[in-house]
Amino acid sequence: MTRYPPQRYPPQPPGPAPPYAPPGPPGYRAWPTAPRRVGQGGLVAVLVCASLVVLLAVTVLAVVARQPAGSGARRSLPNAPAVRADPQHTTGITDAEIRALLEQHGSALRRGDLTRFLSAYDQTDHGLIAGQRMLYTNLRKIPLAIAYYTLMHRSGQAGPLGSIDVDVAFVHQVAGVDVDRVFEGYRWRIARTANTAPLRVSAVGGMPDPATGGKYLYYPAPWDELPLTVTRRRHVVLLANDRTRGLAATWAATAELSAEQNLQAWGRRPAGSPGFLVTFEDLRSRFHGYWSGNSTGPKWEAGHTISLPAFTTGGQAARSAGARIVSFTGSSFYAPGHDPSYLFTHEMAHAMVSPVGPESGAGTPLYIVEGFARFMETRHHSTGPFMNDPALIAHLQHGFTGHLPTDAQLRSSKDDVAGAAYELSLLVYLFIEHRFGSSRCFDLVIAAYQKPTETGGQAALAKTTGLNLAAFEAQWVAYVHHRVG
């Protein structure tokens with residue numbers, strides 16, 4: 001939850017181009033954190049969500065209205081089977097048959113065979129076919145180094161109408177962005193209409209996550225929802241729909257410059273992301289819902305970063321293998337005369353650090369998480385907008401206790417409380433830079449992510465500065481008053 005003082009950023013033109021289990025398998029769950037979120041002209045947040053990495057949930061399959069053709073897959077599968085089978089010719093559906101279908105499906109995607117890709121689906125469902133044609137077209141535009149489908153879980157044996165619900169992982173790795181394979185969780189309804197008939201997918205939705213409620217496992221991605229325009233630069237892959245592709249083109253060079261600056265600052269430090277995938281989204285429900293299924297969220301959010309776990313055959317790994325950034329184009333960052341480079345730099349800082357520690361640093365004190373992203377912004381921008389934030393000044397005059405900001409303050413729904421907490425988090429890093437040098441700021445975030453707990457954060461602070469918590473706070477408070485007043 002980073003907060004940006006409204007309308008305080010100096011306007012800048014686009015930068016120049018840089019030179020150069022309940023239903024669900026054991027072992028799969030959402031991480032205990034939330035997406036990093038950026039506030040629109042107000043808070044930039046990384047709400048490390050009650051389930052980081054994103055996100056998900058077990059929901060009872062509900063009857064839902066079909067989305068319009070081209071809007072992507074259904075969120076949940078309907079209760080009733082979508083394909084009517086001949087009661088005289090029903091048969092069981094084996095795992096081997098399902099895996100063969102998945103292998104054929106992934107092979108068709110990799111080879112660029114649209115006809116074969118669509119043959120997996122119920123050909124009589126024109127809306128389903130249209131949505132999956134769009135999905136195929138979108139995925140073929142994205143630089144995927146790895147792409148295949150694998151069975152994660154089945155709900156049981158085929159029922160009396162020859163259908164079965166299965167959980168399927170779309171395993172993939174975006175070239176230049178992910179450090180290893182990640183996955184998106186689908187729930188497919190597979191049916192056979194007669195004994196000798198091939199398997200067909202009759203409905204597609206998100207895989208519920210057994211650890212949480214009402215969310216999905218890294219679903220839906222933008223490629224499931226709308227036709228995409230994909231813009232590529234050396235260190236960024238930008239996804240945009242028909243209404244945001246102009247902004248993506250306008251700010252592509254700025255996004256690349258932010259990426260290059262962050263990566264250059266990171267240098268040869270361990271395990272950072274090599275590049276970034278950024279989605280430009282204009283509709284709030286989709287902005288909140290990508291890679292989670294949550295369609296609502298705070299109105300002040302302008303951006304967020306979602307860490308995705310590495311995929312392994314035995315379950316998801318404990319370490320992140322990639323991150324996804326979503327930017328809301330209705331925020332003030334995209335208003336005339338304003339500059340989204342602040343947003344890009346902040347969110348790319350979160351994404352860059354994501355693979356460093358277990359579960360993307362979930363459990364790391366938020367003042368370390370958010371303070372680092374804010375600190376990265378100040379390496380190429382003035383600290384003035386943050387130091388002059390009215391929320392910070394008011395807090396120092398009336399409510400400052402002399403202690404480091406808490407997670408509760410950083411997650412506060414009150415703009416002034418969260419605002420002050422995020423600027424104080426930045427001041428932690430500015431003090432460390434002033435007293436010990438900028439390299440210690442990177443040492444702090446790496447050490448804290450590698451042991452992502454409250455005590456691990458305190459240990460990282462002590463290791464980085466040589467000061468215990470009380471001594472650090474005493475010196476930091478003096479610096480805060482000297483710097484801000």
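Above this text you will find the structure in question.
Residues numbered from 1 in each chain as written. Predicted model: local features only at pLDDT ≥ 70, side-chain atom pairs only at ≥ 80, totals over all residues. Heavy atoms only, no water.

### Digging into the side chain of T305
Turning to step 1, where the next piece is worked out: Residue position: T305 is located in strand β11 (residues 301-312).
Turning to step 2, where the next piece is worked out: Overall, the relative accessible area of 0% leaves T305 in the buried class. (Helix = DSSP H or I, 4+ residues; strand = E, 2+ residues; numbered from the N terminus. Buried < 20%, exposed > 50% of the residue type's maximum accessible area, 1.4 Å probe, protein only.)

### Notes on the packing of helix α8 (residues 366-378) against helix α13 (residues 439-450)
Turning to step 1, where the next piece is worked out: Running from N to C, α8 and α13 point in directions that differ by 150°, and their axes come no closer than 10 Å. Helix-helix and strand crossings are classified by hand; for α8 and α13 the assignment is left-handed. For the pair α8 and α13, contact is made by I368, V369, F372, F375 and M376 and by C441, F442, L444, V445, A448 and Y449, respectively.
Turning to step 2, where the next piece is worked out: Each residue belonging to the contact of α8 with α13 can be placed in one class, and the counts come to 11 nonpolar, no polar and no charged. (Axes fitted to C-alpha atoms, helices over the stretch in contact; angles between N-to-C directions. Left-handed = near helix turned anticlockwise from the far one by under 90°. Contact = heavy atoms within 4.5 Å. Nonpolar A, V, L, I, M, F, W, Y, C, P; charged D, E, K, R; others polar.)

### Some remarks on the sheet that holds strand β6 (residues 182-191)
Turning to step 1, where the next piece is worked out: With antiparallel pairing, 4 strands are arranged side by side in an open sheet as β4-β5-β6-β7. For this open sheet the edge positions go to β4 (144-154) and β7 (200-206), each flanked by a neighbour on one side alone. Along the sheet, successive strands turn relative to each other by an average axial angle of 30°, direction set aside.
Turning to step 2, where the next piece is worked out: Both β4 and strand β5 (residues 163-174) contribute to a ladder of 9 bridges, which runs antiparallel. Note that in β5 the partner of L144 across the bridge is V174.
Turning to step 3, where the next piece is worked out: Contacts from helix α1 (residues 95-111) reach β4, β5, β6 and β7 within the one sheet, and its direction differs from that of β4 by about 160°. (Pairing = 2+ DSSP bridges.)

### Quick notes on the pattern of salt bridges
Turning to step 1, where the next piece is worked out: In total, this model carries 13 salt bridges according to the counting rule given.
Turning to step 2, where the next piece is worked out: A salt bridge links R110 to E103, with the shortest nitrogen-to-oxygen separation between them at 3.5 Å.
Turning to step 3, where the next piece is worked out: Relative accessible area serves as the criterion here: at 41%, R110 is assigned to the partly exposed category.
Turning to step 4, where the next piece is worked out: Under the relative-accessibility criterion, E103 is labelled partly exposed at 47%.
Turning to step 5, where the next piece is worked out: Note that R187 is salt-bridged to D167, the shortest N-O span being 2.7 Å. Of this pair, R187 sits in strand β6 while D167 sits in strand β5, and the two are 20 residues apart along the sequence. Each member of the pair, R187 together with D167, is buried.
Turning to step 6, where the next piece is worked out: A single salt-bridge network, built from bridges that share partners, covers R243, E281, D282 and R286. (Salt bridge = Lys/Arg side-chain N within 4 Å of Asp/Glu carboxyl O.)

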